[in-house]
Amino acid sequence: MFTRFTTIINSFKNLGKSYPNQELVRKILRCLPKSWTPMVMAIEEAKDLSTLPLEQLLGSLMTHETTMKSHEHVETKKKKSIALKASKEDSESDGDGDVALILAQFKKFLKSQK
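Residues numbered from 1 in each chain as written. Predicted model: local features only at pLDDT ≥ 70, side-chain atom pairs only at ≥ 80, totals over all residues. Heavy atoms only, no water.

For the chain, an unreviewed UniProt entry supplies the name UBN2 domain-containing protein and the organism Cephalotus follicularis.

Here it is, written out as structure tokens:
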């Protein structure tokens, strides 16, 4: 993202349009996804955006991204999956259970009709 942003900004400079550093920093912070909102707010509160260099912003964002990825990696390792083996005997007994459930409901219906 930062490479594309820099390319666009350099193209604007070649055309004679330049933006102040503060505006560039704000544009980058605005385009980040919602999952980055806590980080954006922390940067806005902790740092002076008028003097924050673009490179320092990039460093902070990259550090946060690597931290987020490492936390996701740890969380996926913690999840365990269990595979259960199905057998035909179970499906037949389920059919018996379904019949028993229908009979019980029918009996309740008959009692409520009396």
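*Asks:* Requested: an account of the nonpolar core, with residues and values cited.
*Replies:* Side chains that are nonpolar tend, in soluble globular proteins, to be buried together. If you look at the biggest cluster of nonpolar residues, it comprises 16 residues, and the most contacted ones within it are V25, L29, I43, L54, L57 and L61. Mapped by element, the contributors of at least two residues to this core are α1 (2-14), α2 (21-31), α3 (37-46) and α4 (54-78). The greatest single-element share of this core, amounting to four residues, is contributed by α2. (Core = buried A, V, L, I, M, F, W, Y, C linked by side-chain atoms within 4.5 Å. Buried < 20%, exposed > 50% of the residue type's maximum accessible area, 1.4 Å probe, protein only. Helix = DSSP H or I, 4+ residues; strand = E, 2+ residues; numbered from the N terminus.)

*Asks:* Any chance you could break down the pattern of salt bridges for me, citing the residues and the numbers?
*Replies:* Throughout the structure, instances matching the rule amount to one salt bridge. Of the charged contacts in the structure, one is a salt bridge between E65 and K69, with a shortest N-O distance of 3.9 Å. With a gap of four residues between them, E65 and K69 both fall in helix α4, about one helical turn apart. Of the residues examined, E65 reaches a relative accessible area of 34% and is grouped as partly exposed. A relative accessible area of 52% places K69 in the exposed class. (Salt bridge = Lys/Arg side-chain N within 4 Å of Asp/Glu carboxyl O.)

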